[in-house]
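Single-letter residue listing:
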Amino acid sequence: MSQGFSSSIPASTPMPVAIPLRAVLPWAVFGLILSALLLYFVGAEQGATALLSGHAEHEFVHDGRHLLGFPCH
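Source: prediction; values computed, not measured.

### Describing the overall build of the protein chain
Here is step 1: Each helix and strand in the protein chain was counted, giving three helices and zero strands.
Here is step 2: Expressed as a percentage of its 73 residues, the buried residues of the protein chain come to 12%.
Here is step 3: The long-range fraction of contacts in the protein chain, counting pairs at least 24 apart against all pairs at least 6 apart in sequence, stands at 23%.
Here is step 4: Just so you have it, the protein chain exposes about 6,700 Å², and 71% of that area is on carbon and sulfur atoms.

### Describing the packing of aromatic side chains
Here is step 1: Considering all chains together, one arrives at one aromatic pair under this definition.
Here is step 2: Between the aromatic rings of W27 and F30, the centroid separation amounts to 6.3 Å while the plane-to-plane angle is 90 degrees, which identifies the pairing as edge-to-face. Of this pair, W27 and F30 both sit in helix α1 (residues 21-43), three residues apart, which is roughly one turn of that helix.

### A short note on a nonpolar patch on the surface
Here is step 1: The grouping of I19, L21, V24, L25, V29, I33 and L37 at the surface amounts to a nonpolar patch, some 660 Å² of accessible area in total.
Here is step 2: Residue position: L21 is located in helix α1.
Here is step 3: Take L21: its relative accessible area is 62%, and that puts it in the exposed class.

### Section: the confidence of the model for the protein chain
Here is step 1: Overall, the predicted model of the protein chain reaches an average pLDDT of 78, with 74% of residues at or above 70.
Here is step 2: Predicted confidence in the protein chain is weakest over helix α2 (residues 56-60), with a mean pLDDT of 73, and strongest over α1, with 90.

Criteria and thresholds
- Residues numbered from 1 in each chain as written.
- Predicted model: local features only at pLDDT ≥ 70, side-chain atom pairs only at ≥ 80, totals over all residues.
- Heavy atoms only, no water.
- Helix = DSSP H or I, 4+ residues; strand = E, 2+ residues; numbered from the N terminus.
- Buried < 20%, exposed > 50% of the residue type's maximum accessible area, 1.4 Å probe, protein only.
- Contact = heavy atoms within 4.5 Å.
- Areas by Shrake-Rupley, 256 points an atom, 1.4 Å probe, with all protein chains shown as cover.
- Phe/Tyr/Trp six-rings, centres within 6.5 Å; stacked < 30°, edge-to-face > 60°.
- Patch = residues over 30% accessible without salt bridge, like charges linked within 9 Å, V, L, I, M, F, W, Y side chains within 5 Å.
- Salt bridge = Lys/Arg side-chain N within 4 Å of Asp/Glu carboxyl O.
- pLDDT = per-residue confidence, 0-100.

So, in structure tokens, the structure goes:
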């Protein structure tokens, strides 16, 4: 005779873990600042508003500018 599991044992269900806002907020702010910097360098870093001299950053993000629809020529 085989012994099976008893049906009186309750099945465990995974419970979601609550992440407090205080733990998420610094990462959200960091991501927002990083995204804004990236958008600036891809979209506006050239010409009169350039923070960096030379064309290295423009050439680095050149294809991304066209992919996102920013004019650069």
